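# Results of the structural survey
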Amino acid sequence: MPDDEEEPDGTKEGDVMAGDRRIARTDTALPDWYASDAAYRPIPIAWFAGALVLQVVAQPATVMLFWGLFGLPRLAVVAIALLISGMIWQFTRDRGMSGAAKPWQWATGLMLAFFFGITALSMLG
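Here goes a summary of the coordinates provided. Everything numeric here is computed off the predicted structure, so don't read it as measured data. (Residues numbered from 1 in each chain as written. Predicted model: local features only at pLDDT ≥ 70, side-chain atom pairs only at ≥ 80, totals over all residues. Heavy atoms only, no water.)

## Description of the packing of helix H1 (residues 44-69) against helix H3 (residues 102-124)
Counted only if it meets this: Between N-to-C directions, angles span 0 to 180 degrees; the directions come from axes that are lines fitted to C-alpha atoms, helices contributing only their stretch in contact. Helix and strand assignments come from DSSP, with helices taken as H or I runs of at least 4 residues and strands as E runs of at least 2, each series counted from the N terminus. Small angles under 35 degrees read as roughly parallel and large ones over 145 as roughly antiparallel, with 65 to 115 read as roughly perpendicular and the rest as oblique. In this scheme the crossing of two helices becomes right-handed for a clockwise turn of the near helix relative to the far one and left-handed for an anticlockwise turn of less than a right angle. Contacts were defined at the residue level, with two residues in contact if any of their heavy atoms lie within 4.5 Å. Residues are grouped as follows: Ala, Val, Leu, Ile, Met, Phe, Trp, Tyr, Cys and Pro are nonpolar; Asp, Glu, Lys and Arg are charged; every other residue, Gly included, is polar.
At a closest axis distance of 10 Å, the pairing of H1 and H3 adopts a crossing angle of 15°. Put simply, H1 runs roughly parallel to H3. At the point where H1 passes H3, the crossing takes the right-handed sense. In this structure, H1 uses Pro44, Ile45, Phe48, Ala51, Leu52, Gln55, Val56, Gln59, Val63 and Trp67 to contact H3, whose residues at the interface are Trp104, Ala107, Thr108, Met111, Leu112, Phe115, Phe116, Thr119 and Met123. Per-class residue counts for the contact of H1 with H3 are 15 nonpolar, 4 polar and no charged.

Laid out in structure tokens, this is it:
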């Protein structure tokens, strides 16, 4: 085959060379040295979305469990909901949000506070 024929200097026809190093081949769009490491690289929106889902599920579950099932006083349920929001915040920071940009950290904190506020208003209002 024509692609298997080597030039006198050891390269194949169509190779793009940088000095003595092949940097690309004509049959690929990527340089020869590029290889995806296929590692999971989460981004702040993934941490934000994870915290959002946890908060949206945990707050109603807290009210249903501690007020509806166990019959705890409303103020105690609000305190537990605040504790759970704090745990979600810490879990999100441990996952990587602590290294994210400040706007992502603020947005996450405000979102957690907003949904906690809904729970607190519904229990104390």
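Okay, back to it.
## Some words on the side chain of glutamine 59
Note the threshold: Working definition: with a 1.4 Å probe on protein chains only, accessible area under 20% of the residue-type maximum means buried, over 50% means exposed, and in between means partly exposed. Side-chain atoms alone can form a polar contact between residues adjacent in sequence; in general such a contact is a pair of N or O atoms within 3.5 Å, and within protein one must be able to donate a hydrogen while the other accepts it.
Along the chain, glutamine 59 falls in helix H1. Judged by its relative accessible area of 2%, glutamine 59 is buried. Within the structure, the side chain of glutamine 59 is placed 3.1 Å from the side chain of threonine 119, a separation counted as a polar contact. Those residues in contact with glutamine 59, other than ones at most four positions away along the chain, are Ala81, Ile84, Ser85, Phe115, Phe116 and Thr119.

## Regarding helix H2 (residues 74-95)
This is how the line gets drawn: A helix is expected to span 1.5 Å for every residue after the first. To be clear, the arc concerns the directions from the helix axis to the C-beta atoms.
Compared with an ideal rise of 1.5 Å per residue, which puts 22 residues at 32 Å, H2 spans 31 Å between its outermost C-alpha atoms and is within 8% of the ideal. All of the buried residues in H2 are Val77, Val78, Ala81, Ile84, Ser85, Ile88 and Thr92. Looking straight down H2, one finds its buried side chains confined to an arc of 120°; they lie on one side. Projecting away from the buried face of H2 at angles above 90 degrees are the exposed residues Leu75, Leu83, Met87 and Asp94. Those residues of H2 hidden inside the fold are in contact with H1 and H3. Just downstream of H2 lies glycine 96, where phi reads positive at about 145°.

## A look at H1
Two residues of an α-helix separated by three or four positions point the same way, owing to the 3.6 residues in each turn. With 26 residues, H1 should cover 38 Å at 1.5 Å per step; its first-to-last C-alpha distance of 36 Å lies within 8% of that length. Within the span of H1, buried status applies to Trp47, Phe48, Gly50, Ala51, Gln55, Ala58, Gln59, Thr62, Val63 and Phe66. Elements in contact with the buried residues of H1: H2 and H3.

## A few points about the nonpolar core
To keep things clear, this is the line we draw: Throughout, nonpolar core names a set of buried Ala, Val, Leu, Ile, Met, Phe, Trp, Tyr and Cys residues whose side chains join them through atoms within 4.5 Å.
Counting 10 residues, the largest nonpolar core consists of Trp47, Phe48, Ala51, Ala58, Ile84, Ile88, Met97, Ala100, Met111 and Leu112. Those elements that place two or more of their residues in this core are H1, H2 and H3. Element by element, the count of residues in this core is highest for H1, at 4 residues. In this structure alanine 100 touches Pro44, Trp47 and Gln105, once residues within four positions along its chain are discounted. If you look at the next biggest cluster of nonpolar residues, it comprises 8 residues, including Val63, Phe66, Ala81 and Met123.

## A look at the packing of H2 against H3
The N-to-C vectors of H2 and H3 enclose an angle of 165°; their axes lie 10 Å apart at closest approach. Judged on the interaxial angle alone, H3 and H2 are roughly antiparallel. The handedness of the crossing between H2 and H3 is right-handed. Judged by residue contacts, Arg74, Leu75, Val77, Val78, Ala81, Leu82, Ser85, Ile88, Trp89, Thr92 and Arg93 of H2 engage Gln105, Thr108, Gly109, Leu112, Phe116, Thr119, Ala120, Ser122, Met123 and Leu124 from H3. Grouping the amino acids of the contact of H2 with H3 by side-chain chemistry returns 12 nonpolar, 7 polar and 2 charged.

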